[in-house]
There are 2 protein chains.
Amino acid sequence: MNNSQSVLIAGKWRPSTGIEFFQSANPQTGEALPENYPVSPWPEIEEAIEAAAEAYQHLRQVSPENIAAFLEKLADRVEARREEFVQWANRESALPSEPRLNSVELPRTINQLRLAAAAARERSWCQPVIDAANNVRSCYKPIGPVCVFGPNNFPFAFNSAAGGDFAAAIAAGNPVIAKANTSHPGTTRLFAEEALRAAGETGLPPAMVQLLYRTSHADGARLVSHPLIGATGYTGSRHAGLALKEAADKAGKPIYLELSSINPVVILPGILEERAAALAEEFVGSVLMGTGQFCTNPGLVLLLESEQTNAFVEDIKKRFSGAPAGTLLGSGVEKSLLAGINAIKEAGAEVLAGGNSAGEARCSVQNTLLKVGGDQFLANPIGLQEEAFGNASLIVTARDKGQLTEILDHLEGNLTGCVYSHSSGNDDNLYDEIEPVLRGKVGRLLNDKMPTGVLVSPAMNHGGPYPATGHPGFTAVGIPASLIRFAALHCYDNVRPNRLPTELQNANPTGQTWRSVDGQWTREDVAVH
Amino acid sequence: MNNSQSVLIAGKWRPSTGIEFFQSANPQTGEALPENYPVSPWPEIEEAIEAAAEAYQHLRQVSPENIAAFLEKLADRVEARREEFVQWANRESALPSEPRLNSVELPRTINQLRLAAAAARERSWCQPVIDAANNVRSCYKPIGPVCVFGPNNFPFAFNSAAGGDFAAAIAAGNPVIAKANTSHPGTTRLFAEEALRAAGETGLPPAMVQLLYRTSHADGARLVSHPLIGATGYTGSRHAGLALKEAADKAGKPIYLELSSINPVVILPGILEERAAALAEEFVGSVLMGTGQFCTNPGLVLLLESEQTNAFVEDIKKRFSGAPAGTLLGSGVEKSLLAGINAIKEAGAEVLAGGNSAGEARCSVQNTLLKVGGDQFLANPIGLQEEAFGNASLIVTARDKGQLTEILDHLEGNLTGCVYSHSSGNDDNLYDEIEPVLRGKVGRLLNDKMPTGVLVSPAMNHGGPYPATGHPGFTAVGIPASLIRFAALHCYDNVRPNRLPTELQNANPTGQTWRSVDGQWTREDVAVH
């Protein structure tokens, strides 16, 4: 097809052999963007897999220093081209150029790449463990080619060719096959262009990063379960993610999923007495920010029935109605948000504000606030946990403390859970009652703080119990912890010293690598007796 | 049924409500043992699950010190009753009382319990990570009730009520539902008796350890996928393991499998020149030890075609024929070993020694050595990797170095891979060629050492790529690493200091716990500025 964008395979930009194409759209206008992107047929996907497998073998000869240099070079290149990145992402996602894209998300993305580079260079991420007396040594090593499926809501920070999963997979020493999110293929293409250049400049194999725009569902399943694939990182809808999980699980291939999450926020009575208005403002800011399109958007608010609660809900309702409805990432998001709202309504919730399409050419839904009582929630707890991804939230009012705990006990796994309570400890007894229940349902527990905003901290857990993710032991954000997902544990038993990987030799490979030697974490060399 | 053994549910030994029963047999005689063990029906299993979930909640109030005391008390109790344990295990498994059961496996089991206790007490296993400036803190916490399915080949060290998975799950703070291996239910009952007493003596909930002897396949699948279950540890056959995996995966429940492994041993030309006879003795000792019934039994030996290879194979053949055939763990093992040998024969291998049942009342198969050329192996690489669990091994001779590498490239995932080479480095070029290929196929790489014997070392990896296990990032042996399988990552973001788990508070909870504080591993308290 004329005007069809090239795929990046084995270091070459080339026309796809596919015969199906798609266009992305500008969510501000609803109009299709001019570029045509190909749906890659299986032989093309398989070529990418084979090139990635070859690159993975090649990488054994490449020092972590080169991998770090690659990530830094990519960061520099993205920074140098930032205006173009922001323009493309704005055009494809309708996210505001300022401050969101240019001053928040792009710097975060560049920072992630640099932190990943530092982790690759320091090498502590691979957790060398040395039993010197027995000469048994182990550490984590790259798992093999990694497929990254990025989400629609972070065209930079979770982009399959530059975001968190990408940076983690590369820093751990794996080539990446990036499957662009089809809502921002152009932005993804720019990242892949810079990645290819950076690979050339830093001695990495040309197939270090490859780019496909779309595959059929069946071919996606074949991709993640292919014998030459090491692992997959997926962020997106639960439905598509679970289909990939089924295929990967069957083949014994690790797949790390970040699926849906409604991020319960529990507001205890004391805080409403203390600062209801400030809290309402904080909540509304969190839920409507970025038109609510965050994995950690607070989609469920739990309160005890009371006069203060009624007033608080009334306040939120007014703020929802008074705030402009943002533009959504695309017509698919608009459609699924309306479907989610309708499902929640049908499950018994009342609409306090919004509930409908904004009725404009741009993709937009009214800021939507729903409410349901505790009895009704418990009558249909699964239906009322339907994710309404976007600028919508459901308030649940519990009759009493016992019912609040019971509601929490019926929650599915979530990325986050927050508890707001009186600053002087007036709510502490109730906190102690509910915390054990909530704690088991979430990956990250917050106090007095909204869940949006996921700090790139070594202590972060952007993960949680199923169905928020596929395994509660891994985080998608946070360096170096997120790297371990893309690694396999390699043990060396009685292996001769010159044949050990440098991380496991007696000398500390960098002087800076933390290693557990005979049960003690140290940066020293292994003492030779 | 009269004489039916009781199940242990919610702290009580009680008759099963089941109506089906089974007996184990004495492999020395082939005769059924007198005890009848029940097949638990679903309502009984569900009772155990609910009691375990309650115990799990209760455990939040229990200090790691009590958990350590429990594991130590259990170790003491097992030690005090060791004669009875050895008698039961010998009767049920035919493994020799001396040295195997009494002087090797029981001490190992007791040692594992004590190491797990020490890990629970020290708490470094939970890997606290503290970002003090941002007050984001995380560590691993118990995942919930753990089902343990133990294998037939280690009635003590991998017993579902005392072995490695059990100790790891408990030390991480989880209650265990033990599903006895049906070849040694009596031995398992003894462990559960002592565990119940130890729990009572150390303040642990009575449902800390529960025991079921058998379930239907369908109920096993329901068990591992139940919403209240945290995770499962399974060691056993590939077929049964994959059925459980499918159910657990579908429910998003972690399951750690140790399935089949044939443990390739590559013998390079130089070592045959250097010490062929000693190596033959070492190999035969490893493969026939315990009648070959080890997960890490060397079932596949790879050599280059040569005169020395022929002589080496001839030597092994003589040793196989000359050695007495041991008694197998049961008639099921005998049957599956003969089936495995036949499958390998049908796939094209020649029988050099043995190949048939020993034709005795006891469960026994002749020591079996098979051989196939490289071309034939490559013509049917999957068929020739059939596991023949027991005293059997397949020799593969490669035409040249290229073919050797190609054969390695066709291997499935294994727990271990060994390379024997000349001590002066004469084989080093060939080692460097094959190592990258072999390394990717195995969890533990050995030099100049047989794979049987899995040291309980912090650096051990008793794991590997699928289908040896279900995930290449976890080890089933080695403390503290094996504990992490039974834990979920819990992050605390802006949580008030008095509400943090002790592991994440500023003060080091034990003075001994290793924590990563602002990127540095330390045993110090977090400095307060």
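**Student:** Tell me about the interface of chain A and chain B, and name the residues and values.
**Tutor:** Each side of the interface is counted separately: chain A has 54 residues, and chain B has 54 residues. Counting residues per element, the ones that place at least two in the side of chain A that touches chain B are β7 (129-131), β8 (136-142), α14 (428-439), β20 (442-447) and β21 (487-493) of chain A. Examining the composition of the side of chain A that touches chain B, we find that 7 residues originate from one element, β21(A), more than from any other. Where β21(A) and strand β20 (residues 442-447) of chain B come together, 3 bridges link them in parallel fashion. When the sheet's bridge partners are listed, Y492(A) is paired in β20(B) with L445(B).

**Student:** An account of unusual backbone geometry is requested, with residue identities and associated values reported.
**Tutor:** For the bond from I479(A) to P480(A), the omega torsion is 15°, close enough to zero to count as cis. Residue position: P480(A) is located in the loop between β20 and β21. A cis amide bond, omega 5°, links Y466(B) with the succeeding residue P467(B). Among the secondary structure elements, P467(B) is positioned in the loop between β20 and β21 (487-493). Positive phi outside glycine occurs at R123(A), with the angle close to 75°. The residue R123(A) is located in the loop between α4 (97-122) and β7 in this model. Residue classification places R123(A) among the buried positions, given that 23 C-beta atoms sit within 10 Å. Notably, N263(A) is not glycine yet its phi reads approximately 55°, a positive angle. With respect to the helices and strands, N263(A) occurs in the loop between β13 (255-258) and β14 (264-267).

**Student:** Go over the relation of the copies chain A and chain B with me, naming the residues and quoting the values.
**Tutor:** Note on the identical chains: chain A maps onto chain B by a rotation of 180° and an axial translation of 0.0 Å, with an RMSD of 0.0 Å. Considering both components of the superposition, the chain copies are consistent with a two-fold axis. Taken together, the interface assignments show that 100% of the residues at the interface of chain A recur at the interface of chain B, consistent with an identical surface on both copies.

**Student:** Just give me the short version of the domain arrangement of chain A, but keep the residues and values in it.
**Tutor:** All names here are of chain A. For chain A, the assigned domains read domain 1 (38-124 + 142-259 + 476-482) and domain 2 (264-447). Taking only C-alpha atoms into account, the centre of domain 1 sits 32 Å from that of domain 2. Listed per partner, the contact involves 8 residues of domain 1 and 8 residues of domain 2.

**Student:** Describe the sheet that holds strand β23 (residues 520-522) of chain A, with residues and values.
**Tutor:** Spatial strand order, β23(A)-β22(A)-β7(A)-β8(A)-β21(A)-β20(B)-β19(B)-β14(B)-β15(B)-β18(B)-β17(B)-β16(B): 12 strands in an open sheet with mixed pairing. Looking at the sheet topology across the chains shown, the edges are occupied by β23 of chain A together with β16 (350-353) of chain B. When strand polarity is set aside, the average angle formed by the axes of neighbouring strands in this sheet is 25°. Here 4 bridges tie strand β14 (residues 264-267) of chain B to strand β15 (residues 300-304) of chain B, and the two strands are oriented parallel to one another. Along β15(B), the bridge assignment pairs I267(B) with L303(B).

**Student:** Which residues make up the pairing of strand β10 (residues 176-179) of chain A, and what values go with them?
**Tutor:** Residue and element names in this part refer to chain A. Alternating positions in β10 separate into two faces, V176 and A178 on one and I177 and K179 on the other, with burial throughout. Inspection of the sheet shows strand β9 (residues 146-149) paired to β10 by 4 bridges, in the parallel sense. The partner of V148 across the bridge, within β10, is A178. When β10 meets strand β11 (residues 209-212), the two strands line up parallel, connected through 4 bridges.

**Student:** If you had to explain the pairing of strand β8 (residues 136-142) of chain B to someone new, which residues and values would you point to?
**Tutor:** All names here are of chain B. Burial of β8 is extensive: 7 of the 7 residues sit out of reach of the surface. Two strands pair when backbone bridges link them, and strand β7 (residues 129-131) and β8 are joined in this way by 3 bridges, in the antiparallel orientation. If you follow D131 over to β8, its bridge partner there is V136. The hairpin turn running from β7 into β8, its antiparallel successor, is 4 residues long, and N135 in that turn takes a positive phi close to 50°.

**Student:** Lay out the packing of helix α13 (residues 401-409) of chain A against α14(A) with the relevant residues and their values.
**Tutor:** Each packed pair of helices is defined by two parameters, the angle between the axes and the distance between the axes. All names here are of chain A. Interaxial distance between α13 and α14 falls to 9 Å at its minimum, and their mutual angle equals 15°. Classified by the interaxial angle, the pair formed by α13 and α14 is roughly parallel. Considering how the two elements wind past one another, α13 and α14 form a crossing that is right-handed. Packed against α13, whose contacting residues are K401, L404, T405, L408 and D409, the element α14 presents L430, E433, I434, V437 and L438 at the interface. Broken down by class, the residue content of the contact of α13 with α14 amounts to 6 nonpolar, 1 polar and 3 charged.

Thresholds, definitions, all that
- Residues numbered from 1 in each chain as written.
- Chains lettered and ligands numbered in written order.
- Predicted model: local features only at pLDDT ≥ 70, side-chain atom pairs only at ≥ 80, totals over all residues.
- Contact = placed C-beta atoms within 7 Å.
- Helix = DSSP H or I, 4+ residues; strand = E, 2+ residues; numbered from the N terminus.
- Pairing = 2+ DSSP bridges.
- Buried ≥ 20, exposed ≤ 12 C-beta atoms within 10 Å, placed from the backbone.
- Least-squares fit on C-alpha atoms with pLDDT ≥ 70 in both.
- Domains from an automatic or database assignment.
- Axes fitted to C-alpha atoms, helices over the stretch in contact; angles between N-to-C directions.
- Parallel < 35°, antiparallel > 145°, perpendicular 65-115°, else oblique.
- Left-handed = near helix turned anticlockwise from the far one by under 90°.
- Nonpolar A, V, L, I, M, F, W, Y, C, P; charged D, E, K, R; others polar.

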